[in-house]
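The primary structure of each chain is shown beneath.
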Amino acid sequence: MTRPDVAFSVLGPLSASRGVAPDRPVPLKGGRQRAILARLLIARGRVVPVDRLVGDLWPEPPDGAVAAIRTFVADLRRALEPDRPPRQPAGLLVTAPPGYALRTAPETVDAGRFEAAVADSGRLLAAGDGAGALARSDEALGLWRGPAYGEFAAEPWARAEIDRLDELRTLAVERRAEALLMLGRAAEVASDLGAHAAAHPLREEAGRLLATALYRAGRQGDALAALRRVRQALVGELGLDPGPALRQLEADILAQAPHLTPTRTAAPSAGFFGREDELAQLLEAAEQATRPRLALISGEAGAGKTALAEELGRRLAGAGWSVAWGRSPEYEGAPAAWPWAQVTGVPVPDVSAGDPAAARFRLHREVVGRLSGAKPLLVVLDDLHQADEGTLDVLTAVLAGPEPATGPVLVAGTYRTTAVSAALTATLARLARVEPLRVYLGGLPETATGELARAAAGRDLDARQVRLIHERSGGNPFFVRELARLLATEPGAVPAGVRDVIRHRLAQLPEPARAVLRQAAVLGREIDPEVLAALTGDELSTLDALDRAAEAGFLSEDGPELRFTHILVRDTLYGDISAPRRARWHAAAGEAIERLRPDDTATLAHHFALAASRAAAPRAAAYAGAAAQDAERRADPHAATRLWRQAVDAHDRAGGGDPRGRLEAVMGLGRALAVTGHLDEARRLRAVAVTALATVDDPGLVSDVLAAYVVPAIWTRNDDEALSRRIVAAAERALPTQQGAGRARLLGTLALELRGTTTDRGLRAAREAEALARAADDPTLVAFALNARFMHAFGRTGLAAERVRIGAELVEVAGGRELVTFEVLGHLIAMQAHAALADPAAAGAHARAADDLAARYDLPLVGVFTAWYSGLRLATEGRPGEAEAAYRAAQAKLAGGGMPGMAHGLLPLALLALREPTAAEWSTWDWGPYELWVRPLAALAADRPEAAAEALRAQPESPHDLLREARLCLTARAAIALGDGETMRRVYDELLPAAGELAGAGSGVLTFGPVSEVLRKLRT
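The shown structure was predicted, so the numbers you read here are calculated from the model rather than taken from an experiment. (Residues numbered from 1 in each chain as written. Predicted model: local features only at pLDDT ≥ 70, side-chain atom pairs only at ≥ 80, totals over all residues. Heavy atoms only, no water.)

To continue, consider the overall build of the chain. A count of helical and extended segments in the chain gives 48 helices and 13 strands. Along the three orthogonal principal directions, the C-alpha set of the chain runs to about 105 × 95 × 65 Å. Burial statistics for the chain: of 1020 residues in total, 52% are counted as buried. Long-range contacts, defined here as pairs at least 24 residues apart, represent 66% of the contacts in the chain between residues at least 6 apart. Split by element, the accessible area of the chain, about 43800 Å² in all, is 52% carbon and sulfur. In the chain, the 119 positive side-chain charges and the 129 negative ones have mean positions that sit 2 Å from each other. (Helix = DSSP H or I, 4+ residues; strand = E, 2+ residues; numbered from the N terminus. Buried < 20%, exposed > 50% of the residue type's maximum accessible area, 1.4 Å probe, protein only. Contact = heavy atoms within 4.5 Å. Areas by Shrake-Rupley, 256 points an atom, 1.4 Å probe, with all protein chains shown as cover. Lys, Arg positive; Asp, Glu negative; His and termini not counted. Charge placed at Lys NZ, Arg CZ, Asp CG, Glu CD.)

Turning to the side chain of Arg 34, a few remarks are in order. Mapping Arg 34 onto the fold places it in helix H1 (residues 31-42). A residue is classified by how much of its surface remains accessible, and Arg 34, at 18% relative accessible area, is buried. Separated by 2.9 Å, the side chains of Arg 34 and Glu 151 make a polar contact. Ignoring any residue separated from it by four or fewer positions in sequence, one finds Arg 34 in contact with Leu 14, Leu 28, Lys 29, Glu 151 and Phe 152. (Polar contact = N/O pair within 3.5 Å; in protein donor to acceptor, adjacent residues only side chain to side chain.)

Summed over all chains, the structure comprises seven aromatic pairs. Between Phe 608 and Tyr 623, the ring centres sit 5.8 Å apart and the planes meet at 10 degrees, which makes this aromatic pair stacked. Here Phe 608, found in helix H26 (residues 601-611), pairs with Tyr 623, found in helix H27 (residues 617-633); they are 15 residues apart in sequence, far enough to count as distant. Owing to a relative accessible area of 0%, Phe 608 belongs among the buried residues under this scheme. (Phe/Tyr/Trp six-rings, centres within 6.5 Å; stacked < 30°, edge-to-face > 60°.)

So, about the nonpolar core. By size, the foremost hydrophobic cluster in this structure holds 179 residues, and its most contacted members are Phe 564, Leu 706, Trp 868, Leu 906, Leu 991, Leu 1006 and Phe 1008. No other element matches helix H35 (residues 779-791), which puts nine residues into this core. Residue contacts for Leu 991: discarding those within four places in its chain leaves Thr 797, Glu 965, Leu 968, Cys 969, Val 1011, Val 1014, Leu 1015 and Leu 1018. (Core = buried A, V, L, I, M, F, W, Y, C linked by side-chain atoms within 4.5 Å.)

Moving on, we come to the pattern of salt bridges. A complete count under the given rule lists 58 salt bridges for this structure. Salt-bridge contacts for Glu 139 lead to Arg 136; the nearest nitrogen and oxygen are separated by 2.7 Å. Highlighted residues: Glu 139 and Arg 136, both in helix H5 (residues 130-142), separated by three residues, approximately one helical turn. Among the residues examined, Arg 136 registers a relative accessible area of 16% and is labelled buried. A salt bridge links Glu 205 to Arg 208; the shortest N-O distance between them is 2.8 Å. Of the two residues, Glu 205 and Arg 208 both sit in helix H8 (residues 204-216), three residues apart, roughly one turn of that helix. The exposure class of Arg 208 is partly exposed, given its relative accessible area of 24%. Salt bridges sharing common partners tie together Glu 770, Arg 774, Arg 789, Glu 802 and Glu 809. (Salt bridge = Lys/Arg side-chain N within 4 Å of Asp/Glu carboxyl O.)

With that out of the way, let us pick up the side chain of Ser 328. Looking at the secondary structure, you find Ser 328 in the loop between strand E7 (322-327) and helix H13 (338-344). Those residues in contact with Ser 328 that lie beyond four places of it in its chain are Pro 339, Asp 382, Asp 383, Leu 384, Gln 386 and Ala 387.

Direction vectors running N to C along helix H30 (residues 679-693) and helix H32 (residues 721-734) enclose 35 degrees, while the axes themselves pass 10 Å from each other. Crossing handedness for the pair H30 and H32: left-handed. From H30, Arg 683, Arg 686, Ala 687, Val 690 and Thr 691 reach across to H32, where they touch Leu 723, Arg 726 and Ile 727. In the contact of H30 with H32, the residues fall into four nonpolar, one polar and three charged. (Axes fitted to C-alpha atoms, helices over the stretch in contact; angles between N-to-C directions. Left-handed = near helix turned anticlockwise from the far one by under 90°. Nonpolar A, V, L, I, M, F, W, Y, C, P; charged D, E, K, R; others polar.)

Attention now moves to the sheet that holds strand E4 (residues 93-96). Remark on secondary structure: sheet strands pair via backbone hydrogen bonds, oriented parallel or antiparallel. A sheet is described by the order of its strands in space; here three strands give the open sequence E3-E5-E4, paired in antiparallel fashion. Two strands in the sheet have a free side with no partner beyond their single neighbour: strand E3 (48-49) and E4. In this sheet, strand E5 (residues 99-102) lies alongside E4 in antiparallel orientation, the contact comprising four bridges. Paired with Leu 93 across the bridge in E5 is Leu 102. (Pairing = 2+ DSSP bridges.)

This part covers H8. With 13 residues, H8 should reach 18 Å at 1.5 Å per residue; the first-to-last C-alpha distance of 18 Å fits that figure. Among all positions in H8, only Ala 206, Gly 207, Leu 209, Leu 210, Ala 211, Thr 212, Ala 213, Leu 214 and Tyr 215 are buried. Phi for Gly 218, located one or two positions after H8, is positive at around 85 degrees. (Expected span 1.5 Å × (residues − 1).)

It is worth spelling out unusual backbone geometry at this point. Here the amide bond leading from Pro 97 into Pro 98 is cis, since omega sits at 10 degrees, within 30 degrees of zero. As for its position among the elements, Pro 98 is in the loop between E4 and E5. Despite not being glycine, Asp 383 shows a phi value in the positive range, around 60 degrees. Mapped onto the secondary structure, Asp 383 falls in the loop between strand E8 (377-382) and helix H15 (389-400).

On to the domain arrangement of the chain, then. Taken domain by domain, the chain comprises domain 1 (1-183), domain 2 (275-442), domain 3 (447-508), domain 4 (699-792) and domain 5 (800-1019). Distance between the C-alpha centres of domain 1 and domain 3: 68 Å. (Domains from an automatic or database assignment.)

So, about the environment of Ala 895. With respect to the element layout, Ala 895 can be found in the loop between helix H40 (880-894) and helix H41 (900-903). Look at Ala 895 and you get partly exposed, because its relative accessible area is 48%. Put simply, Ala 895 and Val 864 are 31 residues apart on the chain and 9.7 Å apart in space, counted from C-alpha to C-alpha.

The subject of this paragraph is the packing of H40 against helix H42 (residues 906-914). Direction vectors running N to C along H40 and H42 enclose 175 degrees, while the axes themselves pass 10 Å from each other. Here H40 is positioned roughly antiparallel relative to H42, judged by the angle of their axes. In this structure, H40 uses Pro 880, Ala 883, Glu 884, Tyr 887, Arg 888 and Gln 891 to contact H42, whose residues at the interface are Leu 907, Ala 910, Leu 911 and Leu 914. (Parallel < 35°, antiparallel > 145°, perpendicular 65-115°, else oblique.)

With 14 residues, helix H12 (residues 305-318) ought to run about 20 Å at 1.5 Å a step, and its terminal C-alpha atoms sit 20 Å apart, in line with that. Here H12 has its buried residues at Lys 305, Leu 308, Ala 309, Glu 311, Leu 312, Gly 313, Arg 315 and Leu 316. Looking at the buried side of H12, the elements it contacts are helix H11 (276-287), strand E6 (293-299), E7, E8, strand E9 (409-416) and strand E10 (437-441). Remark: Gly 320 follows H12 within two positions and exhibits a positive phi of approximately 100 degrees.

In this section: the environment of Val 501. Along the polypeptide, Val 501 turns up in helix H20 (residues 498-506). For the pair Val 501 and Glu 482, spaced 19 residues apart in sequence, the C-alpha to C-alpha distance is 6.5 Å.

This brings us to the pairing of strand E1 (residues 6-9). Note that E1 and strand E2 (residues 15-18) share four bridges and pair antiparallel. Across the sheet, the residue bridging to Ser 9 is Ser 15, located in E2. A loop of five residues connects E1 with E2, the two strands running antiparallel in sequence, and Gly 12 in this loop sits at a positive phi of about 140 degrees.

A word on the sheet that holds E6. Taken in spatial order, the five strands of this open sheet run E7-E8-E9-E6-E10, and their pairing is parallel. Edge positions in the sheet fall to E7 and E10, since each has one partner strand and no second. Shown here is a sheet whose adjacent strand axes are inclined to one another by a mean of 15 degrees, direction ignored. Examined bridge by bridge, E7 and E8 share six bridges and lie parallel to one another.

A large share of E6 lies buried, amounting to six of its seven residues. Where E6 lies against E9, seven bridges are found, and the strand directions are parallel. Looking at the pairing, Ser 298 lines up with Tyr 415 of E9. Relative to E10, E6 is paired through five bridges, and the arrangement is parallel. Bridge pairing in E10 places Ile 297 opposite Val 439.

Now for the environment of Val 782. Considering the arrangement of structural elements, one finds Val 782 in helix H35. Not counting the four nearest positions on each side in its chain, Val 782 is found in contact with Ala 773, Arg 774 and Val 813.

With that out of the way, let us pick up a negative patch on the surface. A grouping of Asp 538, Glu 539, Asp 544, Asp 547, Glu 551 and Glu 557 is seen on the molecular surface, where their side chains present a negatively charged patch. Here the negative patch gets four residues from one element, more than from any other, and that element is helix H23 (residues 539-551). Assignment of secondary structure puts Glu 557 in strand E12 (residues 555-558). When its relative accessible area of 67% is taken as the criterion, Glu 557 is described as exposed. (Patch = residues over 30% accessible without salt bridge, like charges linked within 9 Å, V, L, I, M, F, W, Y side chains within 5 Å.)

Now the structure itself:
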């Protein structure tokens, strides 16, 4: 039976992968194995006899060709179905006399999906659905990554299939052009189809489409010239005249036939004033959105950003577009990327049993998949200035990610220019390369102000009144509307500011209604009538007040939701409440929600935090902690950071009555900070927690706190040695009370903190952690223990092969279980170890795999390590100048990354491996922790042999870490120069196990050349 989890790609380089995307490639070995796979794919499920395979693979088959075919097939089966139990029949590559067949479903081969999409586009065109046909054509063409079966183009058995697919691709290009013409996007066809028509001069359909597009784009002369070229090609090569369709088109162009230029009209909606130019820009962007485009609508509060987006949605919906809205919530703690859940219906991911990076990737893929449809789609993201990092992260993935959305999608984002967050600023910088349309809404001109004011007042206004409104409002539509409504009831009242206008209008409501609205403002812009009634204590009066407020234009209904018509109304009401009353109402709101919505931890955390009292602080801390854990499960570490910080503040406000809870909140905050890259602050908080543990008589809590950082580590020097020593001491005290998985985590933590040490305690801890983790059958724990094992795979030199095995197992354990950060760690370990073994091809492959995962899951620190490896590769290729430039660029990436254990002294050491420093460089470079090993060489460079000999005698044992061989090479160089035979013999014995390695290259950073060459010099 077919295995749906294996996908094949032939529209470009031949490849296979497990899953619908090439994120888990199937290893294909050698040209003949690949040829067999291609031959079976071309057969499309039919049996290919063995003798035909032999004839296709060898012009003159050798002896044993049939046996070789069987071997190739067996290897392919193992690669395609690695989990198939022994002796169980193959389900994919099956034996079927007299040969073999590949039982694939059409959707598992990109060529099959391509054919289906091309067929669909034809049916949609016939049905008059241009947008659907365009989407399917784009989907079909997007599957091509290069020539079909390109590596087999010279093989007779592949030629017919290649020609068939090429012909289908030509048809897809022309159907796409026809769909664009149907949608009125002639200019795009004119620019896109020219190269296609030139490459296929005998295709009359290509000439017809190009000429039609040129004519509709206002280029009648070019259209006739295009038809002439087709005629010349047909007559010159075939001796034929163009067919009747082309001849009729030429006549129609000469006659300027009306049917060649279809017209489209759209009427503005009532109540839309003064933004026609901006709307026209947005409609043009929609017309050009053959692939996802971004339009940014910005302005101050009340400028009409949402109204413009609503009018855009109305126009596009009338033209057959789908329209979806997502609104950013007002306060922190709402689900990550909530606006995208509103747009697509994709649920927020739960990562309680997986890797947050993997959950984030799944969310990206789900959203992109939902947006990439056949029908044109407008997505409105309202109030981006309030958007959380998750929303902005998905926005970047949709438009500029490694696998962005496809098809006609226009994303229109609105934001307030006076409240742009740092996160939005960073996102807009990342999206600059997609060249978004930027529409800034300033004030309306006076004419439009008058039209809007008259509509809002419900009566005529004279020129003096309009001018006064325009001057006071600056043309701000919200302010215009509020002033006009006020003038309609109080002709002489024209306050100076918009908040004063709102206050004047609110004063016209009865006092009980105003009191209810003030309490509603405490709940936020969105109002839950049930909660509000519980807060006021009078349901009937509350409902009467809400009705009056809606009639007066302060509230609006959006489906089942009730909300303030504008945030300025809510903010004015909220700002006029005294601080003590606000705090009291927030506490009351929290208590009401506790009764009615006890699972809404984010809202409860919000209200009890703003209650700002010692009495409410314990509940504020508890709900903030629960909401932070929810945020972690939803793969939203930024929200988790804010909420854990809120929980810590609440614990402090409570007066220290729950030390365990505060410690858990501190560690949660540290964990979230580490995940978001704030390593310095995370270490500081960890130090605070370790200090607090000294007064805690609870071994279980001590163990939980110390082992809370299950974070992969690749560099073998601690960033804070003093903190590491304190953690080691605390862990040793807690260990006797721990068993099972808890003990394994604590042992792994202990081993990681003992990295680089010269005793065997870290290795013993790592081995026991590994044994316990394997017994528990917990993949995350096994990966963590393997990380600890790696940190102690430096007990002697020459252990690169062992580290290769550790890296390979990490990739295997993590790769199938979405433990992305540990999978990346495995690739980085393998990169380092293969570099030590002088295997640049394998090292480079692992570096690329790590970079690919980092790009897919947005793991920026990975690039630091692969950047250093790029310098090492250049150094091993004998390109020192380029290597030095690469090293300096890598150091710039490392600076400020919160990894002082790696950063300090590394660049000078790498440059020393490339060239001899100048006299000034020897004395001024900061050698950091490597200074003791550099000191003898610096003294020799300064012609001070006695000082060099003294420094050499004073050298301690090298830490057991990634740079152990590099330090020994420095010692060897000084000993040789000084003729220190005893040191030379000692270093020779230490380096001998690494005779087949490159000294220092196991760091993935630098090398002092082959160890064998150093050994040769030590022997002579």
